[in-house]
Amino acid sequence: MEHTFWDHLPLLVRANSKESVEYVLQALWRTRKAGLDAADRQVICEMLHLQNDSDLDPLLVCLRMLIRRCVYENINKDEIQKLFPNEVLPELQRLLTILLQKFQREWQEDVFKDQVILPRLKAMTWNMANQDTAEVTEPMAVINLKLQNDAPSHSGELDVKFQLSKDTLETMVKSMYCIRDQLSDTDVASNRRHLSQETNIV
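Remember, predicted model here, so these are calculated numbers, not experimental data.

Details of the sheet that holds strand β2 (residues 141–149)
Right, so step 1: The sheet built from 3 strands is open, its strands ordered β1-β2-β3 with antiparallel pairing. Each edge of the sheet is formed by a strand with only one pairing partner; in this case those strands are β1 (120–128) and β3 (156–164). Sheet twist, expressed as the average angle between the axes of neighbouring strands with direction ignored, equals 20°.
Right, so step 2: In this sheet, β2 lies alongside β1 in antiparallel orientation, the contact comprising 8 bridges. Along β2, the bridge assignment pairs A123 with K146.

Brief notes about the packing of aromatic side chains
Right, so step 1: Under the counting rule described, the total for this entry stands at 3 aromatic pairs.
Right, so step 2: One aromatic cluster is present, built from ring pairs that chain together W29, F103 and W107.
Right, so step 3: The ring of W29 is capped by R32, whose NZ or CZ atom sits 4.1 Å from the centre of that ring.

Points about the pairing of β2
Right, so step 1: Of all 9 residues making up β2, 8 are buried, and the element is well covered by its neighbours.
Right, so step 2: Relative to β3, β2 runs antiparallel, the two sharing 9 bridges. Note that in β3 the partner of A141 across the bridge is L164.

Calculation notes
- Residues numbered from 1 in each chain as written.
- Predicted model: local features only at pLDDT ≥ 70, side-chain atom pairs only at ≥ 80, totals over all residues.
- Heavy atoms only, no water.
- Pairing = 2+ DSSP bridges.
- Helix = DSSP H or I, 4+ residues; strand = E, 2+ residues; numbered from the N terminus.
- Axes fitted to C-alpha atoms, helices over the stretch in contact; angles between N-to-C directions.
- Phe/Tyr/Trp six-rings, centres within 6.5 Å; stacked < 30°, edge-to-face > 60°.
- Lys NZ or Arg CZ within 6 Å of the ring centre and 35° of its normal.
- Buried < 20%, exposed > 50% of the residue type's maximum accessible area, 1.4 Å probe, protein only.

Printed below as a string of structure tokens:
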């Protein structure tokens, strides 16, 4: 991390309280996708007694980098303080370490919730539909899928059942072949890329 970024951390000392610094960190996390709006920037400038809005940006860059490392790099709580170089004031190191340790788990859970986790196929069986019922006018295959859902809010197994006619099955099989070919092409391209990289290294 650039030393010029660290040089702006002492601006946090201007905050009137620990809660003010906590607000800044929470606001940065809350706006991690869209960025701070004008109202948030104004509030933070007032908290830090900054005259120029432009003075805020280097500090925010430094704090966002700290937050990103704590959340995405799987840094242990006890290792957070090691992120700071010696030139950062000890009292600032302690304060930011305490706050980052406080929110690290919550923010990591937010990241996990943001991820789209699709169910994966665990098992598949099939059988022919009962031809004796009045609803069945043509031969049908009944497909039974068992899916494993690893999403934290809906974890567990899902059972999905549906019918396929011959025409629908043929369309599905053609699509499956296309998917197989696409996966094969991707795998070949990946292997060629790795081979090229190894050749360049040699």
